[in-house]
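# Descriptive structure summary
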Amino acid sequence: MAASTGAANVAASDLQGPASAGPSPDSPTVQYSMILDHLIGDKRPVKDLNPAVMGGLPVPAKSDEQKMIERGMESCAFKSVLACVGGFVLGGAFGVFTAGIDTNVGFDPKDPLRTPTAREVLKDMGQRGMSYAKNFAIVGAMFSCTECIIESHRGVSDWKNAVYSGCVTGGAIGFRAGLKAGVLGCGGFAAFSAAIEYYLR
C-alpha cells in the first residue's frame, strides 16, 4: 500500500514538473512587440526599390520628343482644349436627354394643339443639345484654364485652386447680367467646386 502511494506521488511530481517549469527571472523573454518593432519599426532600414537593383529591366531615358509631348500635355492650353471638348460632348448629351424627357419639345407656341412631326422634334432636340454643348464647353474651358493658371502661379496643387477657379468662372459668366449676378455666380461656383473637390479627395 505504501509502495503504491509512493509511486503515485512520484508520477504526480513527474507530471507537474514540466508544467510548473516557467520562465525564470534570469532567462530573458522575447515579446511579440519587440519582434514587430525590429521587423517593421525604425530599426529596419528602408532600401531603395530601384528596378535595376532588384533585377528588373532598366528604365530608358526619355527622348526630347517624349519630353516635349509631356510638356504639351501638361500645358494649360492642352488642358483647356481637353476640357472644352469634354464639356461639349457632356453638354450635348445632357441637352438631348433633357429634351427627350420634355413634353413640350417640337410644339409650336402659336398652334399648341397641332401634333409635332418627328422631324420637328428631332430639330428641337438638336438645337437644345447644341445650346447646352456650347455652354458646357465654354464653362469647362474657362474653369480648366483658370485653374491651371492659378495652380502654376501658386505652385501648390490643392482644393483652393478649384475654389478660386470656380469663383473666377462663375463671376465672369454672371457679370454679363450685372454685378449682383456676378457675385452670386462667383459664390455659387466656388461652393460647388469646393463640394466637388471635397467629394473627390
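Residues numbered from 1 in each chain as written. Predicted model: local features only at pLDDT ≥ 70, side-chain atom pairs only at ≥ 80, totals over all residues. Heavy atoms only, no water.

## A look at the overall build of the protein chain
Secondary structure assignment for the protein chain yields seven helices and zero strands. For the protein chain, the N- to C-terminal ordering of α and β elements is α-α-α-α-α-α-α. For the protein chain, the proportion of its 201 residues judged to be buried stands at 18%. Intrachain contacts of the protein chain at a sequence separation of at least 6 include 53% that bridge at least 24 residues. When the accessible area of the protein chain is evaluated, it comes to approximately 15,500 Å², of which 67% is carbon and sulfur surface. (Helix = DSSP H or I, 4+ residues; strand = E, 2+ residues; numbered from the N terminus. Buried < 20%, exposed > 50% of the residue type's maximum accessible area, 1.4 Å probe, protein only. Contact = heavy atoms within 4.5 Å. Areas by Shrake-Rupley, 256 points an atom, 1.4 Å probe, with all protein chains shown as cover.)

## Concerning the pattern of salt bridges
Summed over all chains, the structure comprises two salt bridges. For Arg-128, the salt bridge is made with Asp-102, and the minimal N-O distance between the two is 3.0 Å. Placement of the pair is Arg-128 in helix α5 (residues 118-154) and Asp-102 in the loop between α4 (76-101) and α5, with a sequence separation of 26 residues. Residue classification places Asp-102 among the partly exposed positions, given a relative accessible area of 27%. A salt bridge links Asp-158 to Arg-154; the nearest nitrogen and oxygen atoms lie 2.8 Å apart. (Salt bridge = Lys/Arg side-chain N within 4 Å of Asp/Glu carboxyl O.)

## Looking at the UniProt feature "transmembrane region" (unreviewed entry) in the protein chain
Sequence positions flagged by UniProt for "transmembrane region" (unreviewed entry) are, in local numbering, residues 76-101 and 181-200. Overall, residues 76-101 shows 100% helix and 0% strand. The separation of its end C-alpha atoms is 37 Å. Structurally, residues 181-200 is divided into 100% helix and 0% strand, and its ends, taken at the C-alpha atoms, are 28 Å apart. (UniProt positions renumbered as here; feature names shortened; annotations may be inferred.)

## Remarks on the state of the cysteines
Evaluation of the coordinates by the stated rule reveals two disulfides. Shown here is the disulfide that connects Cys-76 with Cys-148, its sulfur atoms set 2.1 Å apart. Of note, the bridge from Cys-76 to Cys-148 carries an S-S torsion of about -80 degrees and is left-handed in sense. Here Cys-148 lies in helix α5 and Cys-76 lies in helix α4, a separation of 72 residues in the sequence. Taking the relative accessible area as the measure of exposure, Cys-148 reaches 7% and is therefore buried. One disulfide bridge connects Cys-167 with Cys-186, the sulfur atoms lying 1.7 Å from each other. Judged by the torsion about the S-S bond (-55 degrees), the Cys-167/Cys-186 disulfide is left-handed. Placement of Cys-167 in helix α6 (residues 159-174) and of Cys-186 in helix α7 (residues 179-200) is noted, with a sequence separation of 19 residues between them. Look at Cys-167 and you get partly exposed, because its relative accessible area is 26%. For Cys-186, a relative accessible area of 17% corresponds to the buried category. (Disulfide = S-S within 2.5 Å.)

## So, the packing of α6 against α7
Where α6 contacts α7, the axes come no closer than 7 Å and their chain directions differ by 150 degrees. Here α7 runs roughly antiparallel to α6, going by the angle between their axes. Along this stretch, α6 crosses α7, giving a crossing that reads as right-handed. Taken together, the residues of α7 that come into contact with α6 (itself represented by Trp-159, Ala-162, Val-163, Gly-166, Cys-167, Thr-169, Gly-170, Gly-171 and Gly-174) are Ala-181, Gly-182, Gly-185, Cys-186, Phe-189, Ala-190, Ser-193, Ala-194 and Glu-197. For the contact of α6 with α7, the residue count by class is nine nonpolar, eight polar and one charged. (Axes fitted to C-alpha atoms, helices over the stretch in contact; angles between N-to-C directions. Parallel < 35°, antiparallel > 145°, perpendicular 65-115°, else oblique. Left-handed = near helix turned anticlockwise from the far one by under 90°. Nonpolar A, V, L, I, M, F, W, Y, C, P; charged D, E, K, R; others polar.)

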